[in-house]
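# Understanding the architecture of this molecule
This is what each chain is made of:
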Amino acid sequence: MSNLATQPAVDRLPQSAWAIAWLFLVGQVVLLVTRGVNPADWPMVVVSMLLTAVIVRWLASGVLRARTVRLAIVWILLSLATGLSLVGLLIDPAATTAVDLVDFAFTVAELVALGAFCRTNWFKNRRRSPNVSRSALAPLLLVVVATGLLGGLTAPFGGDAARMQIDIQL
């Protein structure tokens, strides 16, 4: 019998949480394919990957546990990304590419999935008691960490990245 079947319904993550995670992962893969790999020096790319993974995991853990500050940060970031993308599409429709439209669609879908997640019983229960077992969140957080690692690997918008060097002198 699968672990999912033996897990009580109250402890199972809602489908909307999984939808958010997979939308972010697939969206990041699309960005990696279209932008390419970060051209910075590899040590800096690795640092970027690790930092991005840690930050994204921290934010996702807070959203899943219905922590107000982290949830607000994600709402603000997704709302800004949606609004600014829409403005960009409207300002110069002739310059809009298929990648721009796909990126916008993913951002809107992520925002909608976050809204659906915030209406679930899981979320309401976490607002009352944010404690949840690590094992319940671990599979989803693995998807989140993969997304963060890919985010650090992806070239920045426009493809320009300064080659950075860490130089510590005493």
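Everything discussed here concerns the structure shown above.
The following refers to the structure shown. Since the structure is predicted, the reported quantities are computational estimates derived from the model, not experimental observations. (Residues numbered from 1 in each chain as written. Predicted model: local features only at pLDDT ≥ 70, side-chain atom pairs only at ≥ 80, totals over all residues. Heavy atoms only, no water.)

### As for the overall build of the chain
Helix and strand content of the chain: seven helices and zero strands. Beginning at the N terminus, the succession of helices and strands in the chain can be written as α-α-α-α-α-α-α. Among the 170 residues that make up the chain, the fraction classed as buried is 34%. Long-range contacts, defined here as pairs at least 24 residues apart, represent 86% of the contacts in the chain between residues at least 6 apart. In the form shown here, the chain has an accessible surface area of approximately 10400 Å², with 68% of it arising from carbon and sulfur atoms. (Helix = DSSP H or I, 4+ residues; strand = E, 2+ residues; numbered from the N terminus. Buried < 20%, exposed > 50% of the residue type's maximum accessible area, 1.4 Å probe, protein only. Contact = heavy atoms within 4.5 Å. Areas by Shrake-Rupley, 256 points an atom, 1.4 Å probe, with all protein chains shown as cover.)

### Describing helix α4 (residues 68–91)
With 24 residues, α4 extends 34 Å from end C-alpha to end C-alpha; this agrees with the ideal 34 Å at 1.5 Å per step. Within α4, the full set of buried residues consists of R70, L71, V74, L78, T82 and L89. Buried residues in α4 make contact with α2 (15–35), α3 (42–64), α5 (98–117) and α6 (121–128). (Expected span 1.5 Å × (residues − 1).)

### Some remarks on the side chain of T154
Tracing the backbone through its elements, the reader meets T154 in the segment after α7 (134–153). Within the local environment of T154, its side chain forms a polar contact with the side chain of Q28, the two groups lying 2.9 Å apart. Beyond its immediate stretch of four places on either side in the chain, T154 contacts Q28, L31, L32, R35, G36 and N38. (Polar contact = N/O pair within 3.5 Å; in protein donor to acceptor, adjacent residues only side chain to side chain.)

### A short note on the nonpolar core
Formed by 26 residues in total, the largest nonpolar core has its most connected members in L64, L114, F117, L137 and L140. Every element with two or more residues in this core is listed here: α2, α3, α4, α5, α6 and α7. With six residues, the top contributor of residues to this core is α7. If sequence neighbours within four positions are ignored, L137 has contacts with L13, L64, R65, W122 and V132. L32, A40, V45 and M49 belong to the second largest nonpolar core, which has five residues in total. (Core = buried A, V, L, I, M, F, W, Y, C linked by side-chain atoms within 4.5 Å.)

### A word on the environment of V74
Positionally, V74 belongs in helix α4. Looking at V74, the relative accessible area reads 14%, which means it is buried. Sequence spacing of V74 and L111 is 37 residues, and the spatial spacing of their C-alpha atoms is 9.3 Å. Those residues in contact with V74 that lie beyond four places of it in its chain are L59, V63 and L114.

### Observations concerning the packing of aromatic side chains
Inspection of the entire model under this criterion finds one aromatic pair. Ring geometry for F117 versus F123: centroids 5.6 Å apart, planes at 70°, classification edge-to-face. With a relative accessible area of 0%, F117 lands in the buried category. On the basis of relative accessibility, which here comes to 8%, the residue F123 falls in the buried class. (Phe/Tyr/Trp six-rings, centres within 6.5 Å; stacked < 30°, edge-to-face > 60°.)

By themselves these figures say nothing about function.
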